[in-house]
Structures are given as structure tokens and as C-alpha cells.
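# Geometric and topological summary
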Amino acid sequence: MSALLKRVLTVALVAAGPTPASVASPGGRGSPTNSDFVRKSVYQGLKEDGVPPALAARLAENPDFVPKCPLCWQTQEALKEYGKLAAVPVPKAGHGLPDDLARRLVSTDSSVRRVALRDLVDRYVERGYTRSGLKAEEKAELEKAVKEMRSVPKNPNAGLPNGLKFCPSCDGACRIRPATTP
């Protein structure tokens, strides 16, 4: 599907408003779906923190994503979509991108930048769970579904592209912390 067609369909779906299929969880209880939970959480987090759209667009262009990984795709799509905003949103009260995290996100050292991306995704997914208002069992079900989307355990022998030692989007979305920070 072309990018233009995806954009047209997205605009049409947003204009039409939510439908039972677009808001239903796998169990049909009206909770977020794992198919877009990470994308929406990252986008909303960027907005709440008042992240400059140019920074999000820059992050989306970095080689910090695993091709064909659904969590990478959702993260990258959120960054691209947010990066198209014409103006910087005002940070929500009590929010804002910490200076240290912002510096690490633009680091030319890929290992520093990738840890920062993992931290950013983790931050926003955690907020997404909080914002969702899910009951404990629904949250556990959604967390399990998100973890099942993680690309690394599916084929650990395939390795990761672009010199990645871990997948920042997957580890962030699944809130996986390394024993030691690279």
C-alpha cells in the first residue's frame, strides 16, 4: 500500500470517527488494540512533552529501526506523523522532554541515541497504559499482545540490522531494561 493511500485512509478513518472495530481490543471490550497502541502512545507522549516536530522527524530518519518489526513501524510512524505538525505543541502541565534525554536523542553516537530512543518509547508506552484506564487483566492482556509483537525473540539467530545490539522500539514498548546500559 502506498504512503499516499495509507494517509488518505487514515484521514478518512479519523474523519469518520471511531468504529467498534477500531476501538475494540482483541477481546472486544473497547480497550486499545495492540495494532496501534504503541503508535498512539508515542504520538500522544510527544505532544504532551511539547517535542519539536523537527526532532521527531529527525528521529524517524535514523537507522534505529528493524525492518518489518511491527513495534518499530508503529514507533517510526508516530515520529513521522508528529514530525509533520506545523507548530510545536505546548507541553502539558507537568510534562516536558528532559534536556538530558533530548541531548541523547540527537547524539551522533548510535549506542547513546538508541538507548535514548528506547527510554523515550518506554516513557510514552508507560503513559499510554496509564492513560488507557484499563482494568488490571485488560492491561495484562494488552501488555502480552505487545510483547508478542517484539521482533527479537521470533528469530534470534537472524541478527539485527544496522549494527543494532537491541531493538530500541521493541525494548521500549515492552519496557525491557538491559542488565547494564550500553
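On a predicted model such as this, the values are computed, not experimentally measured, just so you know. Counting restarts for each chain: residues are numbered from 1 in the order of the written sequence. Predicted model: local features are reported for residues with pLDDT of at least 70 only, side-chain atom pairs are reported and counted for 80 or more only, and whole-chain, interface and lining totals are derived from all residues. Calculation of side-chain values draws on the structure's entire complement of heavy atoms; hydrogens and water are dropped beforehand.

### Quick notes on the packing of aromatic side chains
The following threshold applies: We call Phe, Tyr and Trp rings a pair once their centres come within 6.5 Å, taking the six-membered ring for Trp, and we label the pair stacked below 30 degrees between planes, edge-to-face above 60, and tilted otherwise. Put simply, DSSP H or I for four residues or longer makes a helix, DSSP E for two residues or longer makes a strand, and each gets a number counted from the N terminus. A simple rule labels every residue: compare its accessible area, found with a 1.4 Å probe on the protein chains alone, to the largest value its type can have, and call it buried under 20%, exposed over 50%, or partly exposed in between.
Considering all chains together, one arrives at 2 aromatic pairs under this definition. Both rings, one in Tyr-43 and one in Tyr-82, keep their centres 5.5 Å apart while their planes meet at 75°; by these two values the pair is edge-to-face. With Tyr-43 in helix 3 (residues 37-49) and Tyr-82 in helix 5 (residues 70-83), this pair connects stretches of sequence that are 39 residues apart. For the pair Tyr-43 and Tyr-82, one class covers both residues: buried.

### Concerning the pattern of salt bridges
Under the convention used in this document: Salt bridge, as used here, is a side-chain nitrogen of Lys or Arg placed within 4 Å of a carboxyl oxygen of Asp or Glu.
Evaluation of the coordinates by the stated rule reveals 16 salt bridges. Here Asp-64 ties to Arg-113 by a salt bridge, and the two come within 2.7 Å at their closest N and O atoms. Of this pair, Asp-64 sits in the loop between helix 4 (53-61) and helix 5 while Arg-113 is found in helix 7 (residues 110-132), placing the two residues 49 residues apart along the sequence. With respect to class, Asp-64 is no different from Arg-113; both count as buried. With a closest N to O distance of 2.2 Å, Glu-143 and Arg-175 form a salt bridge. Placement of the pair is Glu-143 in helix 8 (residues 136-148) and Arg-175 in the segment after helix 9 (168-173), with a sequence separation of 32 residues.

### Let's talk about the packing of helix 4 against helix 5
So the rule is basically this: Working convention: axes come from line fits to C-alpha atoms, limited for helices to the stretch in contact. Angles between N-to-C directions cover 0 to 180 degrees. Crossings are classed by handedness, with left-handed meaning an anticlockwise turn of the near helix from the far one by less than a right angle and right-handed meaning a clockwise turn. Contacts are assigned to residue pairs that have any heavy atoms within 4.5 Å of one another. For this classification, Asp, Glu, Lys and Arg are treated as charged, while Ala, Val, Leu, Ile, Met, Phe, Trp, Tyr, Cys and Pro are nonpolar and the rest, including Gly, are polar.
Viewed as axis vectors pointing N to C, helix 4 and helix 5 meet at an angle of 145°, and their least axial separation amounts to 7 Å. Handedness of the helix 4/helix 5 crossing: left-handed. Residue-level contacts link Pro-53, Ala-56, Ala-57, Leu-59, Ala-60 and Glu-61 of helix 4 to Gln-76, Leu-79, Lys-80, Tyr-82 and Gly-83 of helix 5. Of the residues that constitute the contact of helix 4 with helix 5, the class distribution is 7 nonpolar, 2 polar and 2 charged.

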